[in-house]
Amino acid sequence: MRLRNVTGSREYIADSRFVIHDPEERKGKWSGVFNNNNPIRIEIGMGKGKFIMQLAKENPEINFIGIEKYSTVLLRAIQKMEAEELPNLVFIRMDAEDINEVFAKGEVDRIYLNFSDPWPKDRHAKRRLESREFLARYNECLKSDGIIEFKTDNRALFDFAVEEVPEAGWEIIKLSYDLHADEEMMMGNIMTEYEEKFSSMGNPICKYIIRR
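Attention here is on the structure that accompanies the text. These figures come from a predicted structure and were not determined experimentally.

Thoughts on the pairing of strand β1 (residues 40–44)
And step 1. β1 sits mainly inside the fold: five of its five residues count as buried.
And step 2. Because side chains alternate across β1, one face comprises the buried residues Ile 40, Ile 42 and Ile 44, and the other comprises Arg 41 and Glu 43, equally buried.
And step 3. Each parallel crossover has a hand, and for β1 linked through helix α3 (residues 50–58) to strand β2 (residues 63–68) it is right-handed.
And step 4. Of the pairings in the sheet, the one linking β1 to strand β4 (residues 108–114) comprises four bridges and is parallel in character. Note on β4: the bridge partner recorded for Ile 44 is Leu 113.

Quick look at the structure:
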């Protein structure tokens, strides 16, 4: 469900002032990027940026970093930022496996995972962003009281994610198998592009919030 390759997208990204091109050099120093000591929250696999841009608009007292590995998708988010610049948001093009090369221990306040690639084959389970392997990575960069929020319409992926939580030593704070019917969990909910699409098709959206 990714965009087709867009010629010149990598070059466009390389020239963008909204993208941090040397994220490894910012490890432990992200407050300097934003020139403040506000909390830092990240979205891994941000797609075209709708979700994180709306979060940044509504929460100017929080710093946001959108992470996306696909150039053709990140390009769309950059174009949105060019139309409406947000001072508390920057982007990184990178693979989530390298997250601890970019963020220091306890540097991140919250992680958002939205409609992640399900990697449906069993042999690829370790690549799922909600796997115990990735939860171990998040454990390093999240603050001690940090949380992870995950949304998807893929029930098989969600069931897998829920099973991984205790195995990784985390606990579920809140969980819903039909987010849009859950009044409490829908408070302040911001829909992603995929959430709008799949919910309009009648697909229930699943969500959990977890902590260590």
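As for the packing of helix α6 (residues 132–141) against helix α7 (residues 155–167)
And step 1. In contact at an axis separation of 9 Å, α6 and α7 are set at 55° when each is read in the N-to-C sense. As judged from the angle between their axes, α6 and α7 are oblique. Along this stretch, α6 crosses α7, giving a crossing that reads as right-handed. Packed against α6, whose contacting residues are Arg 132, Glu 133 and Leu 135, the element α7 presents Glu 164, Val 165 and Glu 167 at the interface.
And step 2. A per-class count over the contact of α6 with α7 returns two nonpolar, no polar and four charged.

The rules behind the values
Residues numbered from 1 in each chain as written. Predicted model: local features only at pLDDT ≥ 70, side-chain atom pairs only at ≥ 80, totals over all residues. Heavy atoms only, no water. Buried < 20%, exposed > 50% of the residue type's maximum accessible area, 1.4 Å probe, protein only. Helix = DSSP H or I, 4+ residues; strand = E, 2+ residues; numbered from the N terminus. Right-handed = clockwise from strand over helix to strand, strands pointing away. Pairing = 2+ DSSP bridges. Axes fitted to C-alpha atoms, helices over the stretch in contact; angles between N-to-C directions. Parallel < 35°, antiparallel > 145°, perpendicular 65-115°, else oblique. Left-handed = near helix turned anticlockwise from the far one by under 90°. Contact = heavy atoms within 4.5 Å. Nonpolar A, V, L, I, M, F, W, Y, C, P; charged D, E, K, R; others polar.

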